[in-house]
Amino acid sequence: MPEPDWLLWAREVQAVAQSGLAFTRDPYDVERYQALTALAARMMAASDPSAGNADTLHRLFAAETGYATPKVDVRGAVFDRQGRLLMVRELADQGRWTLPGGWADVNQTASECAEREVAEESGYSVRASKLALVHDRGRQGHHPTGPFSIYKLFFLCELLDDTPDPAAAANIETSEARFFGEGEIPQDLSTGRVLSHQIARLFVHRAHPELPTEFD
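Presented here is a report on the structure given in the accompanying data block. (Residues numbered from 1 in each chain as written. Predicted model: local features only at pLDDT ≥ 70, side-chain atom pairs only at ≥ 80, totals over all residues. Heavy atoms only, no water.)

### Structural notes on the side chain of T174
Residue placement: T174 occurs in strand β7 (residues 174-180). Engagement of the side chain of T174 in a polar contact is seen with the backbone oxygen of E121, the distance being 2.7 Å. Sequence-distant contacts of T174, defined by excluding residues within four places in its chain, comprise V88, R89, L91 and E121. (Helix = DSSP H or I, 4+ residues; strand = E, 2+ residues; numbered from the N terminus. Polar contact = N/O pair within 3.5 Å; in protein donor to acceptor, adjacent residues only side chain to side chain. Contact = heavy atoms within 4.5 Å.)

Below, the structure is given as structure tokens:
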């Protein structure tokens, strides 16, 4: 399902306001862009109470500075020798299953971020071998929706060690890591992070590494 129009409009108003504040030197324009920031927060709070109240969203938007660009989420698709996919239970989403991953960090390449996230959330050391999918989160049907535009990068990763580091596996983000065959993928996915059709495409890319990166 596509994201609702009101969310696209509120997100765009916030982005216009943020970028305007980054470049304007006119004090009157500053006030206008600040008013747009507050308006975007009220629009989102009124249309989706689960996103937070207007004051909370206003503070969230006000903390964003510079030219507005999408945020970047990275995911590692790690397959073992039997062709099973590594998944982790996400504590922030009631233990639902997802691919290890998270926000990209500064001073690291996207692939390094994916490798780090896998190590932190599962204990496995991996090497990213292919960028399989580049998805706009809003175009894929992720739920719940969010206040910001997000690009999701899915990397195929090779296991460097069959045994996870127990110290790294004990973390505050995930409660379990397990490999699943293509017909064994859990139904209770953390759909804000990964969707079943994305997992299906990753199995295809694993079987056919010559395929080009898929995007949008």
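Having seen the model, we can carry on.
### Some details on the layout of surface pockets
The space that makes up the largest pocket amounts to roughly 590 Å³. In terms of lining residues, the largest pocket is bounded by 23 residues, among which R11, P70, D136, F148 and S149 are the most central. Secondary structure elements with two or more residues in the lining of the largest pocket: α1 (5-23) and α5 (137-140). The element best represented in the lining of the largest pocket is α1, accounting for six residues. For the lining of the largest pocket, the class distribution of residues is nine nonpolar, six polar and eight charged. Estimates place the volume of the second largest pocket at around 500 Å³. What lines the second largest pocket is a set of 21 residues, and nearest its centre among them are R75, W103, R137, G192 and R193. Looking at the lining of the second largest pocket, the elements that each hand over two or more residues are β1 (71-79), β4 (101-103), α4 (110-122) and β6 (150-159). (1 Å grid on protein atoms, 1.4 Å probe; cavity = no way out; pocket = protein on both sides within 12 Å on 5 of 7 lines; lining within 4 Å. Points joined across faces, edges and corners; volume = space filled by probe spheres on them. Nonpolar A, V, L, I, M, F, W, Y, C, P; charged D, E, K, R; others polar.)

### Considerations on the environment of A22
The residue A22 is located in helix α1 in this model. Looking at A22, the relative accessible area reads 27%, which means it is partly exposed. Along the primary structure A22 and P70 are separated by 48 residues, whereas in three dimensions their C-alpha atoms are 16 Å apart. (Buried < 20%, exposed > 50% of the residue type's maximum accessible area, 1.4 Å probe, protein only.)

### Things to note about the side chain of T24
In this fold, T24 is placed in the loop between α1 and α2 (27-47). A polar contact of 3.2 Å, which involves the side chain of T24, links it to the backbone nitrogen of D26. When near neighbours in sequence (up to four residues on either side) are disregarded, T24 contacts D29, V30 and Y33.

### Quick word on the packing of aromatic side chains
Two aromatic rings, taken as a pair, are described by how far apart their centres are and by the angle between their planes. Under the criterion given, the structure shown has five aromatic pairs. Note on F79 and F203: the rings are 5.1 Å apart at their centroids and 75° apart in plane angle, and the pair reads as edge-to-face. Of the two residues, F79 is situated in strand β1 and F203 in helix α7 (residues 196-207); the sequence distance between them amounts to 124 residues. Between W97 and F180, the aromatic rings sit 5.0 Å apart at their centres with planes inclined by 80°, giving edge-to-face as the arrangement. Here the residue W97 occupies a position in strand β3 (residues 96-98), and F180 occupies one in strand β7, the gap between them amounting to 83 residues. With a relative accessible area of 2%, W97 lands in the buried category. Residue F180 is classed as buried on the basis of its relative accessible area of 6%. When the ring centre of F148 is taken as origin, the NZ or CZ atom of K71, which lies over that ring, is 4.8 Å away. (Phe/Tyr/Trp six-rings, centres within 6.5 Å; stacked < 30°, edge-to-face > 60°. Lys NZ or Arg CZ within 6 Å of the ring centre and 35° of its normal.)

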